Amino acid sequence: MSTTSRAAGVENPMDHDGGTGAGAPDPALASLVRFVPLALPVVSALFGAAATGPVVGPTAFAWSLAPTAALFAARLAELRYGDRIVTGGNAAVAAVAANLAVVLVASLLNPFVCIAAFAGYLDADRYLRGRQVMVAGVATGLVTAVGQGGGIPGSSHVPWLYPALAAVNVGIGMVMLHFAREREQQVAARERVALELAAVHEENLALHHRLLEQARETGVGEERARLSREIHDTVAQGLIGVISQLEAIGAVDPPVRERVERAETAARDCLVEARRAVRALAPRQLSGHTLTEALHDLTRNWARTHQIVAELDVDGAPDSARHGDVLLRVAQESLANAARHSGASTVRLVLGAREGRVELAVADDGAGFDPAAAAARGEGRGLAGMGDRVTAVGGAFEVESRVGQGCRVVAAVPV
């Protein structure tokens, strides 16, 4: 017996194969549940006919054929319309109760009809739920005991027989119900675990897809950065060299000068396109600006604010850097120190690439200072902060300064 049943297309966990835990219904068990109740009234009638005389009175047997035939007809109707019965509904309760009532009447006349009472356990599992299953199990045990005790004649000759058989039947029914419920709980637990595993599997698949997408995006970004560096380091630098050589040509005849100027113009146009390609391929950082753009804005605004000449040289620098934010912070702090302490009239910033690193140098022509003496006095916390920021990303930081000879700050970070 089970507290969960199947009706109107809802699958009963008790119809599943508990051994595999796969949740697939057993066709043989389903056929047994559907067709055994149909055969039981026939079997009980055959036993009654064979025992007519010594066990069953001929008149009683004849009267028992009517309720037995009604049981058989009800089972035939169940094969066609049983799936329409809603589990635990009023129709289901009425059908199970009517079946047990008919079996009880027939068992009083022909004790062998108690064989058909066994179908009550199957009906309880299929059509009822919750407390209804327990009530139906007890009622089935009581009805079965009527036939086992020999009907009315047997109960009248041995009064204690029916209560004893009823107690045994009800006890067996309760034990069956207990184990059925345990099995159902195990099946439900396996189904919950299967659902959880399926959810985890789906989550893992989604995570796998996200990782693949991130890896693809990372690969695309790295390849774009590599192409950007290649264009900058080869094509752009080559064009700069060509332009420099063309500018270095001295006095020549006017026709030659015209050709040189055309070549120089073409080279500059190509350099502009190469730099545009570098900017397009390079990953965007620093809030939508490249490092060189950010340094241009910083230098221009600082020079305008402090009325100090500031120069920025980025011809030898990549358009982007993985740790461009670190270099930008170094430039900001260095320019702030120059404005506050150096008294410089000119500051020069140079951004370049060397030995697999992006290097920024900020030099001024101010008063300068002694770095060792400043450190001994506990000064230069801004310089120390810049050094910590650079070394944290695997870079190198250096301060070059002497009293009266200005200051030069150099920061180099990995490309």
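Residues numbered from 1 in each chain as written. Predicted model: local features only at pLDDT ≥ 70, side-chain atom pairs only at ≥ 80, totals over all residues. Heavy atoms only, no water.

Trainee: Just to check I follow, could you spell out the overall build of the chain for this structure?
Mentor: Secondary structure assignment for the chain yields 13 helices and five strands. Within the chain, residue pairs in contact and separated by at least 24 positions form 71% of the contacts whose partners lie at least 6 positions apart. Summed over its atoms, the accessible surface of the chain is roughly 22,800 Å², and 61% of this surface lies on carbon and sulfur atoms. (Helix = DSSP H or I, 4+ residues; strand = E, 2+ residues; numbered from the N terminus. Contact = heavy atoms within 4.5 Å. Areas by Shrake-Rupley, 256 points an atom, 1.4 Å probe, with all protein chains shown as cover.)

Trainee: Could you clarify how one ought to interpret the packing of aromatic side chains in this entry?
Mentor: In this description, a pair of aromatic rings is defined by centroid distance and the angle of the planes. As enumerated under the stated definition, the model contains one aromatic pair in all. Seen in terms of ring centroids, Phe47 and Phe112 are 5.8 Å apart; in terms of plane orientation they differ by 20°. Their pairing is stacked. Here Phe112 lies in the loop between helix 3 (90-109) and helix 4 (114-117) and Phe47 lies in helix 1 (residues 27-50), a separation of 65 residues in the sequence. Residue class for Phe47 comes out partly exposed when judged on its relative accessible area of 43%. On the accessibility criterion, Phe112 (23% relative accessible area) is partly exposed. (Phe/Tyr/Trp six-rings, centres within 6.5 Å; stacked < 30°, edge-to-face > 60°. Buried < 20%, exposed > 50% of the residue type's maximum accessible area, 1.4 Å probe, protein only.)

Trainee: Just to check I follow, could you spell out the packing of helix 10 (residues 291-306) against helix 11 (residues 324-342) for this structure?
Mentor: The axes of two packed helices give the description: the angle between them and the distance between them. Put simply, helix 10 and helix 11 touch, their axes get as near as 10 Å, and they point 15° apart. One element, helix 10, and the other, helix 11, form an angle in the roughly parallel class. Relative to helix 11, helix 10 is oriented so that their crossing is right-handed. Listed contacts from helix 11 to Leu291, Ala294, Leu295, Leu298, Trp302 and His306 of helix 10 are Gly324, Leu327, Leu328, Ala331, Gln332, Leu335, Ala336, Ala338 and Ala339. Residues belonging to the contact of helix 10 with helix 11 are distributed by class as follows: twelve nonpolar, three polar and no charged. (Axes fitted to C-alpha atoms, helices over the stretch in contact; angles between N-to-C directions. Parallel < 35°, antiparallel > 145°, perpendicular 65-115°, else oblique. Left-handed = near helix turned anticlockwise from the far one by under 90°. Nonpolar A, V, L, I, M, F, W, Y, C, P; charged D, E, K, R; others polar.)

Trainee: Mind showing me how you'd approach the pattern of salt bridges here?
Mentor: Should the charged atoms of two oppositely charged side chains come close, the side chains can pair. Applying the stated criterion across every chain yields a total of twelve salt bridges. The residue Asp123 makes a salt bridge to Arg75 at a minimum N-O spacing of 2.7 Å. With a gap of 48 residues between them, Asp123 in helix 5 (residues 119-127) and Arg75 in helix 2 (residues 58-81) connect regions that are remote in the sequence. This pair shows no difference in class: Asp123 is buried, exactly as Arg75 is. The salt bridge involving Arg262 is made with Glu258; its shortest N-O contact spans 2.6 Å. Within this pair, Arg262 and its partner Glu258 are both found in helix 9 (residues 254-281), separated by four residues, close to a single helical turn. Classification of Arg262 as exposed rests on a relative accessible area of 54%. Residue Glu258 is classed as partly exposed on the basis of its relative accessible area of 39%. (Salt bridge = Lys/Arg side-chain N within 4 Å of Asp/Glu carboxyl O.)

Trainee: Explanation requested: unusual backbone geometry in the structure shown.
Mentor: In most cases, non-glycine residues show a negative phi, while peptide bonds are predominantly trans. Backbone geometry at Gln307 places phi at a positive 55°, although glycine is not the residue there. The topology assignment puts Gln307 in the loop between helix 10 and strand 1 (309-313). A relative accessible area of 68% places Gln307 in the exposed class. Unusually for a residue other than glycine, Glu355 sits at a positive phi of about 55°. Topologically, Glu355 is positioned in the loop between strand 2 (346-354) and strand 3 (357-364). For Glu355, a relative accessible area of 76% translates into the label exposed.

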